[in-house]
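Survey of secondary and tertiary structure
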Amino acid sequence: MTTPVALIDCNNYYVSCERAFDAGLVGVPVIVLSNNDGCAIARSAEAKALGIRMGDPVHFLRDKIAAHGIRVLSSNYALYGDMQRRVVAAIQPFARDFEIYSIDETFVDFAGFEHLDLVAHARAMSAQVRQWTSIPTCVGIGATKTLAKLGNAAAKKNPLFDGVADLREERVRDWVLDRFPARDVWGVGRATAAKLARAGITTAGQLRDMAMKRARGLGTVVLERLIAELRGIPAMAVETIEPQRKGMAVTRSFGTPVNDIETLMGAVAQYAMRAGEKLRQHGLAAGRVTVFFHTDPHKPERPQYSASRTLSAQPMTSDGLVLLALARRGVESAWREGYAITKAGIMLDDLITQDLRPRTLFEEDSDKRVRLMTAMDEVNARFGKFTAVPAVQGFRRGWTARSEARSPNYTTRIAEVPAVRA
Amino acid sequence: MRALVPVHLTPLELPLLLVSTPAGFPSPAQDDMEEPIDLGDWLVEHPAASYVMRVEGYSMSGAGINDGDLIVVNRAKKPRAGHIVVALVHGDRTLKRLARREDRLLLVAEAEGYGEIVVDEHVEVWGVVVGLARRYA
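Residue indices begin from 1 for each chain and proceed along its sequence in written order. Think of it this way: whatever chain is written first is A, whatever ligand is written first is 1, and the rest follow in order. With the structure being a predicted model, the display of local features is reserved for residues of pLDDT at least 70 and the display and counting of side-chain atom pairs for 80 or more, all residues being used for whole-chain, interface and lining totals. Where side-chain values are given, they derive from all heavy atoms of the structure, hydrogens and water being excluded.

Attention now goes to the packing of helix H12 (residues 261-281) of chain A against helix H13 (residues 320-334) of chain A. Residue and element names in this part refer to chain A. Lines fitted to C-alpha atoms define the axes, with helix axes restricted to the stretch in contact, and inter-axis angles between N-to-C directions lie between 0 and 180 degrees. In this text, helices come from DSSP runs of H or I with a minimum length of four residues, and strands from runs of E with a minimum of two, each type numbered from the N-terminal end. Contact geometry for H12 and H13: axes closest at 8 Å, N-to-C directions at 145 degrees. Between H12 and H13 the crossing geometry is right-handed. For the pair H12 and H13, the contacting residues are Ile-261, Leu-264, Met-265, Val-268, Ala-269, Ala-272, Met-273, Ala-275, Gly-276, Leu-279 and Arg-280 in the first and Gly-320, Leu-321, Leu-323, Leu-324, Ala-327, Arg-328, Val-331 and Glu-332 in the second. Gly is placed with the polar residues, together with every amino acid not listed as nonpolar (Ala, Val, Leu, Ile, Met, Phe, Trp, Tyr, Cys and Pro) or charged (Asp, Glu, Lys and Arg). Across the contact of H12 with H13, the residue classes tally to 14 nonpolar, two polar and three charged. Each helix crossing is assigned a hand: it is left-handed if the near helix lies turned anticlockwise from the far helix by less than a right angle, otherwise right-handed if that turn is clockwise. In what follows, residue pairs with any heavy atoms lying within 4.5 Å of each other are defined as contacts.

Now the structure itself:
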């Protein structure tokens, strides 16, 4: 007997965050640009309808932007990070456990809630997120993470589901799987998709029914696990999944709560190195690092604390030591004494293929400085002394990213809070 | 020349005391440490659902809310008649008191010379004002 898993995913997350504070963006096409205002990384439904694709470079879109009055915003990760913290807090009462998968996706463990109507439960969770943050979400429910993810995609695409697709029901599951392209199944890479297509497997349903032996000959262990997941047998740790274009996360719960910053730094350092490894494996570089940690939300009698900090990597990087340095700064700034931390993780956003990564004017210079700083981190890491102060200060201060149309930091800076007319 | 004698070694585990031994007189306040007062913490009861906004204008001066004040708006609190609320009126954010009159919900100002707004489909009550912050001098 498996316990139901859900994936709650924010719709057009970055755009929805912007719309929460600027009603002028509601109902019009909006795109949000990547680091340095390079390409479109988030699109409102209206912008998608105009044919703007994920990753389109903004200089190719000039005509469309002018013709349709598309609103173009720089990314505001301070805002997106703070809103994510709120989204996760709104989800917490509805789940036994949760796993932050990316800035806009959270897996939710519904174990212990099975006696409820889970569709209604998921709707209530979605409504709570909407109420607290204004951000619309979709929920997929299934026996495994892969099915939850697939259900989520179905809920997003098909208005019939009204935001919540429950794939535990066989009829619904079969209907969705038979219509879902195999190449879009979570974890199917481009090479595997091509092989599957040559073998005549084009839908998720066909993939599920594929003989394991055949899968082994065709793909990797990952493909076998994926097929098991499609059959409703949990086989996949999130870790085995390749990072998506949008983001990836490495998180863990602690066996024993962590009360000191050194131990937390040690854990975060491991996640950072692991994340760097995974990025290099997939030929990607990240533009943002978010580090987060929190106390056990299911022990309300204990002091509660939940923190996250988002830092930018400039230039974009896949170097674990650079990620570590950023994550460490985040932990240092967010750390408060007196709390028992039970979960921590880092998230990477703004991912881009390594060779497409924007080059910066001062790259060599800043690379050197990063190296200088990280060399020391390495020494520190080896000796376990993560509290040492970086020898090189302010490598981020050397220059600032282009972000010509960034919205205010509505929720994190007093000087930039929204105005209300009285 | 001395002959080599075989030796049998048994490891002996000694506990390492990780307690520091300060040399000076211990602070008598050590066990009575408290965190300093955190006004933000007191004002914002529900941080995940609360937002800070800056007030522009004078229509709520009768309620003691002035131009330039910071307010805390809680979206987890269910708005009721009598609450001061932030509402979106045709998309514009406005600060008013929510009032009920003859089964109709209204947004009313608390100063001379402002009209009332009927809560209809163009109005969304966004959140309930739960706190106010102001600095002098």
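Our focus in this paragraph is the side chain of A:Thr144. Residues and elements named next belong to chain A. Mapped onto the elements of the fold, Thr-144 is located in the loop between strand S7 (137-142) and helix H6 (145-157). Note on Thr-144: relative accessible area 2%, which makes it buried. Residues contacting Thr-144, with those up to four places away along its chain left out, are Val-5, Glu-229, Gly-232, Ile-233 and Pro-234. Burial classes: relative accessible area under 20% of the type maximum marks a residue as buried, over 50% as exposed, and values in between as partly exposed (1.4 Å probe, protein chains only).

Below, the discussion takes up the sheet that holds strand S1 (residues 5-10) of chain A. Residues and elements named next belong to chain A. Pairing is mixed across the open sheet formed by five strands, whose spatial order is S5-S6-S1-S7-S8. Looking along the sheet, the strands with just one partner apiece sit at the ends: strand S5 (97-102) and strand S8 (164-166). Averaged over neighbouring strand pairs, the angle between their axes works out to 15 degrees when direction is ignored. Only when DSSP finds a minimum of two bridges between them are two strands counted as paired. Here S5 pairs with strand S6 (residues 105-109) via five bridges, running antiparallel. In the sheet register, Asp-97 faces S6, and the bridge partner there is Asp-109. Where helix H5 (residues 118-133) meets the sheet, it contacts S1, S6, S7 and S8, and its direction lies at approximately 155 degrees from that of S7. The strands touched by H6 within the sheet are S1, S5, S6, S7 and S8, with S7 carrying the most contacts at an inclination of about 140 degrees.

Residues and elements named next belong to chain B. A cluster of acidic residues, Glu-34, Glu-35, Asp-38 and Asp-41, forms a negative patch at the surface. Of note, Glu-35 is situated in the segment before helix H1 (39-43). Overall, the relative accessible area of 68% leaves Glu-35 in the exposed class. To count toward a patch, a residue needs a relative accessible area above 30% and no salt bridge. Like charges then connect within 9 Å, nonpolar side chains (Val, Leu, Ile, Met, Phe, Trp, Tyr) within 5 Å. In these tables, accessible area is a Shrake-Rupley quantity obtained with a 1.4 Å probe, and a residue counts as shielded only by the protein chains included in the view. Each salt bridge in this description consists of a side-chain nitrogen of Lys or Arg and a carboxyl oxygen of Asp or Glu lying within 4 Å of one another. In summary, the charge assignment counts Lys and Arg as positive and Asp and Glu as negative, without counting His or the chain termini. The atom standing in for a charge is NZ when the residue is Lys, CZ when it is Arg, CG when it is Asp and CD when it is Glu.

Among buried residues, the Ala, Val, Leu, Ile, Met, Phe, Trp, Tyr and Cys ones that are joined through side-chain atoms within 4.5 Å form a nonpolar core. Judged by nonpolar contacts, the single largest core of 55 residues is most densely connected at A:Tyr13, A:Tyr14, A:Tyr80, A:Met83, B:Ile71, B:Val86 and B:Leu95. Among the elements that line this core, the one with the most residues is helix H4 (residues 77-91) of chain A, at seven residues. Ignoring anything within four residues of it in the chain, the contact list for A:Tyr14 reads A:Val32, A:Ile41, A:Ala42, A:Tyr77, A:Tyr80, A:Ile103 and A:Asp349. Formed by 37 residues, the second largest nonpolar core is a distinct cluster that contains A:Ala272, A:Leu284, A:Leu323 and A:Ile341.

Across the contact, 26 residues belong to chain B and 21 residues belong to chain A. Summed over both sides, the interface between chain B and chain A buries roughly 2,000 Å², with carbon and sulfur atoms accounting for 53% of that surface. For any pair of parts, buried area is found by adding up, for both, the accessible area (1.4 Å probe) each one loses once the two are put together. Together, B:Tyr51, B:Arg75 and B:Arg93 form the three largest contributors to the area buried by chain B at its contact with chain A, with a combined 33%. At the surface where chain B touches chain A, the tally comes to zero salt bridges. The term polar contact refers here to a pair of N or O atoms within 3.5 Å; inside protein, the definition further demands a hydrogen-donor-capable atom paired with an acceptor-capable atom, and it admits residues adjacent in sequence only when both atoms are side-chain atoms. Across the chain B-chain A interface, the total number found is 18 residue pairs in polar contact (both at pLDDT 80 or more). Elements represented by at least two residues in the side of chain B that touches chain A include exactly strand S1 (50-56), strand S2 (70-74) and strand S4 (92-101) of chain B. Broken down by element, the side of chain B that touches chain A gets its largest block of residues, seven residues, from S1(B). Here the residues of the side of chain B that touches chain A sort into 15 nonpolar, six polar and five charged. Taken together, the three bridges between strand S13 (residues 419-421) of chain A and S1(B) define a ladder with parallel strand orientation. Opposite A:Val420, over in S1(B), you have B:Val55 as the bridge partner.

On to the sheet that holds strand S4 (residues 71-74) of chain A, then. Residues and elements named next belong to chain A. A sheet is described by the order of its strands in space; here three strands give the open sequence S3-S2-S4, paired in mixed fashion. The open sheet has two free edges, formed respectively by strand S3 (40-43) and S4, since each of these has just one partner strand. Pairwise comparison of adjacent strand axes, ignoring direction, gives a mean angle of 30 degrees for this sheet. With four bridges joining them, strand S2 (residues 30-33) and S4 adopt parallel strand pairing. For Leu-33, the partnering residue across the bridge sits in S4 and is Ser-74.

Turning our attention to the confidence of the model for chain A. Residues and elements named next belong to chain A. By definition, pLDDT measures how confident the predictor is in each residue, and it falls between 0 and 100. The share of residues in chain A with pLDDT of 70 or more is 85%, and the mean pLDDT across the chain is 84. Counting interchain partners and residues more than four positions distant, the pLDDT-below-50 stretch residues 238-242 has 18 contacts. Long-range and interchain partners of residues 383-401, a stretch whose pLDDT sits below 50, account for 37 contacts in this model, where long-range means more than four residues apart.

Residues and elements named next belong to chain A. With respect to the helices, strands and loops of the structure, Tyr-271 is situated in helix H12. Its relative accessible area of 5% is what places Tyr-271 among the buried residues. When the C-alpha atoms of Tyr-271 and Met-347 are compared, they prove to be 9.3 Å apart, with 76 residues separating the residues in sequence. Once residues within four sequence positions are removed from consideration, Tyr-271 is found in contact with Val-250, Arg-252, Phe-254, Ala-344, Gly-345 and Ile-346.

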